[in-house]
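Here are the chains, one letter per residue:
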Number of protein chains: 2
Amino acid sequence: MKFKRSERLIDITHFLLERPHELVPLTFFAERYGSAKSSISEDLAIIKETFEQRGIGNLQTVPGASGGVKYITKVNRDDAKKMVSELITHLGNADRLLPGGYLYLTDLLGNPSLMNKVGRLLASAYAEKEIDVIMTVATKGIPIANAIASHLNVPVVIVRRDSKVTEGSTVSINYVSGSSKRIQTMVLSKRSLKEGSKVLIVDDFMKAGGTVNGMKNLLEEFSATVSGMAVLVESENVDERLVDDYISLTKLTDVNEKEKSITVSEGNYFTSDTTFLS
Amino acid sequence: MKFKRSERLIDITHFLLERPHELVPLTFFAERYGSAKSSISEDLAIIKETFEQRGIGNLQTVPGASGGVKYITKVNRDDAKKMVSELITHLGNADRLLPGGYLYLTDLLGNPSLMNKVGRLLASAYAEKEIDVIMTVATKGIPIANAIASHLNVPVVIVRRDSKVTEGSTVSINYVSGSSKRIQTMVLSKRSLKEGSKVLIVDDFMKAGGTVNGMKNLLEEFSATVSGMAVLVESENVDERLVDDYISLTKLTDVNEKEKSITVSEGNYFTSDTTFLS
């Protein structure tokens with residue numbers, strides 16, 4: 001069965017989008033469609049240009065016998081600005097204000113198209129970093145970690161507050177929460193993280209950074225290293241931040257319980273060393 | 001700026017894949033590319049045929065002034081068989097066996113490409129059902145719920161074992177776990193679920209069905225109704241199942257701790273009333 005170019009373009013687009021960061025040999029597509037490698041190369045050139053123009057991502061071509069093509073999720077600056085601005089609008093809604101000055105984020109974390117945008121933004125920021133695995137802490141970091149993972153195509157490991165029989169043997173650490181100064185526990189299943197892994201740490205909200213810092217300490221128990229830290233929201237009003245090398249999409253600059261107002265601005269995403277599709 | 005057909009096909013494919021179950025007016029694409037509606041209709045006919053042939057999904061065209069096109073994730077039977085068989089291979093690995101006969105699933109739940117397949121399979125099974133929201137219980141059900149949600153384009157709500165300040169006011173119920181007969185608690189944030197919602201309940205593992213049944217009871221507190229129940233693995237050795245109208249992808253038929261063996265087979269996915277792409 002022969003395929004027309006139009007059908008190949010559609011199928012290759014779907015195939016690559018489902019497998020970001022995976023090297024696919026040109027011969028795979030040539031055999032899949034019964035086409036010459038030269039035709040496939042032309043297809044990929046068209047897809048590459050369209051992906052770049054429409055802010056979908058990069059196609060990287062790796063030459064040679066073991067070469068092929070790789071789709072990398074990347075956003076352009078304009079789209080990123082719009083996505084972060086959408087997040088800010090959502091977060092600034094005063095209905096999110098909970099007693100104690102906490103923010104209700106659950107609806108945002110449960111919104112799949114918003115989470116896909118968050119995943120695209122952060123996967124784009126870490127596209128050039130070596131990342132073997134994404135780590136987060138249950139429960140609220142999980143949708144963010146899953147969203148990034150689907151665009152970086154790496155596994156997610158979940159740190160828990162308590163150990164469960166279904167996790168097998170675990171490693172646990174105690175750490176001091178940055179803002180409340182309470183001692184808390186973190187548990188990670190032993191077999192969930194290989195020694196020497198390069199880890200992207202992710203969370204929904206960061207105040208002083210105690211939780212994120214706890215995850216950093218936990219990584220040491222696995223001889224793993226931190227490739228980056230990313231949060232959806234950071235809080236600005238912090239006496240002493242425990243971590244500094246992180247990326248935040250948004251920043252909570254003020255919460256006024258009395259007047260029921262929330263002020264949110266861009267995080268350090270655009271001022272970090274993030275590169276964009278041009 | 002004018003777009004060639006090849007560029008339109010690639011961009012429309014990406015656009016629709018990112019927005020399953022969302023009705024997009026033809027005029028949207030006509031304006032996006034400065035093309036005639038008739039050209040867009042031809043593009044969509046090519047995409048529809050390719051999506052069906054390659055097992056990607058359906059394109060539904062809704063005629064009329066308020067009409068448009070909608071991408072629905074659907075799998076064909078052959079692909080579904082392969083995906084479930086891949087799951088069975090993973091699950092049958094004796095290394096998963098934990099003391100007490102429990103199965104270690106954490107690596108599978110953290111694998112984004114596997115979770116995407118699970119999401120495709122279950123979103124396909126429930127594509128024709130009315131579903132407003134997907135509900136699961138923390139922690140292990142979350143990646144499955146997120147994966148299905150991204151293909152059905154509906155929000156996820158997460159039931160917890162304990163209440164947290166960041167959830168606002170909550171509704172809690174007690175229920176009896178089906179297998180251990182212990183009394184347990186489930187908590188759901190009040191504002192996370194609208195009254196009258198149609199809910200797909202999801203979990204990673206089902207034994208007697210106590211947890212899934214607990215979620216059903218919790219839904220009654222929200223005057224919400226069950227549109228379906230889906231699990232990754234069901235356990236066959238159950239004296240009395242508390243629920244019956246569920247879909248399972250796989251079935252754990254035997255666990256032998258002494259001989260360190262696990263026997264896994266297909267769940268009821270293919271014998272349920274699931275329809276496939278043809």
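Chain A appears in an unreviewed UniProt entry as Purine operon repressor from Rossellomorea pakistanensis. UniProt, in its Sequence similarities (unreviewed entry) section for chain A, records the words "Belongs to the purine/pyrimidine phosphoribosyltransferase family. PurR subfamily." Among the UniProt annotations of chain A, the heading Subunit (unreviewed entry) holds the following wording: "Homodimer."

A. Representation of the sheet that holds strand β9 (residues 198-206) of chain B in the model. All names here are of chain B. Strand order in the open sheet formed by six strands is β6-β5-β9-β10-β11-β12, with mixed pairing between adjacent strands. Because the sheet does not close on itself, it has two edges, and the strands there are β6 (156-159) and β12 (261-266). Pairwise comparison of adjacent strand axes, ignoring direction, gives a mean angle of 25 degrees for this sheet. Relative to β9, strand β5 (residues 133-137) runs parallel, the two sharing three bridges. Within the sheet, the bridge partner assigned to I134 lies in β9 and is L200. Relative to the sheet, helix α6 (residues 112-125) contacts β10 (225-235) and β11 (247-256), its axis offset from that of β11 by approximately 125 degrees. Packed onto the sheet, helix α8 (residues 210-221) meets β5, β6, β9 and β10 and runs at close to 160 degrees relative to β9.

B. Structural view of the UniProt feature "domain: Bacterial purine repressor N-terminal" (unreviewed entry) in chain A. The sites that UniProt annotates as "domain: Bacterial purine repressor N-terminal" (unreviewed entry) are residues 4-72 of chain A. End C-alpha atoms of residues 4-72 of chain A are separated by 25 Å, and the span's content is 55% helix alongside 16% strand.

C. Structural detail: the packing of helix α1 (residues 5-17) of chain A against helix α2 (residues 26-33) of chain A. Residue and element names in this part refer to chain A. Contact pair α1 / α2: the axes reach a minimum separation of 12 Å and the direction vectors enclose 135 degrees. The angle between α1 and α2 places the two elements in the oblique class. Where α1 crosses over α2, the two elements pack in a sense that is right-handed. Contacts between α1 and α2 involve R8, D11, I12, F15 and L16 from the former and F28, F29, R32 and Y33 from the latter. Looking at the contact of α1 with α2 residue by residue, the class counts come to six nonpolar, no polar and three charged.

D. Structural context of the sheet that holds strand β6 (residues 156-159) of chain A. Residues and elements named next belong to chain A. Read across the open sheet, the six strands follow the order β6-β5-β9-β10-β11-β12; overall the sheet is mixed. In this open sheet, the two strands that pair with only one neighbour each are β6 and β12 (261-266). Recorded for the sheet is a direction-independent mean angle of 25 degrees between the axes of neighbouring strands. The pairing of strand β9 (residues 198-206) with strand β10 (residues 225-235) spans eight bridges and is classified as parallel. The partner of I201 across the bridge, within β10, is M229. Where helix α7 (residues 142-152) meets the sheet, it contacts β5 (133-137), β6, β9 and β10, and its direction lies at approximately 140 degrees from that of β9. Here helix α8 (residues 210-221) sits on the sheet in contact with β5, β6, β9 and β10, set at roughly 160 degrees to β9.

E. Fine view of the UniProt feature "domain: Phosphoribosyltransferase" (unreviewed entry) in chain A. Feature annotation in UniProt assigns "domain: Phosphoribosyltransferase" (unreviewed entry) to the following positions: residues 107-256 of chain A. Secondary structure across residues 107-256 of chain A comprises 27% helix and 35% strand; the distance between its end C-alpha atoms is 21 Å.

F. Fine view of the pattern of salt bridges. Overall, the coordinates contain 27 salt bridges over all chains when judged by the stated rule. The partner of D162 of chain A in a salt bridge is R160 of chain A, and the shortest N-O contact between them spans 3.9 Å. Notably, a salt bridge pairs E266 of chain B with K81 of chain B, separated by 3.1 Å at the nearest N-O pair. With E266 of chain B in strand β12 and K81 of chain B in helix α4 (residues 77-91), the pair connects residues that are 185 residues apart, well separated along the chain. We classify K81 of chain B as partly exposed; its relative accessible area is 34%. A cluster of three or more residues bridged by salt bridges with shared partners is formed by R5, R8, E42 and D43 of chain A.

G. Just the side chain of R96 of chain B, in detail. When you line up the elements, R96 of chain B lands in the loop between α4 and β3 (97-98). Residue class for R96 of chain B comes out buried when judged on its relative accessible area of 5%. Among the polar contacts listed, one links the side chain of R96 of chain B to the backbone oxygen of Y104 of chain B, at a separation of 2.7 Å. Those residues within four positions of R96 of chain B in sequence are excluded, and the remaining contacts are R191 of chain A together with H90, L91, Y102, L103, Y104, L105, D107, L108 and I262 of chain B.

Definitions and limits used
- Residues numbered from 1 in each chain as written.
- Chains lettered and ligands numbered in written order.
- Predicted model: local features only at pLDDT ≥ 70, side-chain atom pairs only at ≥ 80, totals over all residues.
- Heavy atoms only, no water.
- UniProt positions renumbered as here; feature names shortened; annotations may be inferred.
- Pairing = 2+ DSSP bridges.
- Helix = DSSP H or I, 4+ residues; strand = E, 2+ residues; numbered from the N terminus.
- Axes fitted to C-alpha atoms, helices over the stretch in contact; angles between N-to-C directions.
- Contact = heavy atoms within 4.5 Å.
- Parallel < 35°, antiparallel > 145°, perpendicular 65-115°, else oblique.
- Left-handed = near helix turned anticlockwise from the far one by under 90°.
- Nonpolar A, V, L, I, M, F, W, Y, C, P; charged D, E, K, R; others polar.
- Salt bridge = Lys/Arg side-chain N within 4 Å of Asp/Glu carboxyl O.
- Buried < 20%, exposed > 50% of the residue type's maximum accessible area, 1.4 Å probe, protein only.
- Polar contact = N/O pair within 3.5 Å; in protein donor to acceptor, adjacent residues only side chain to side chain.

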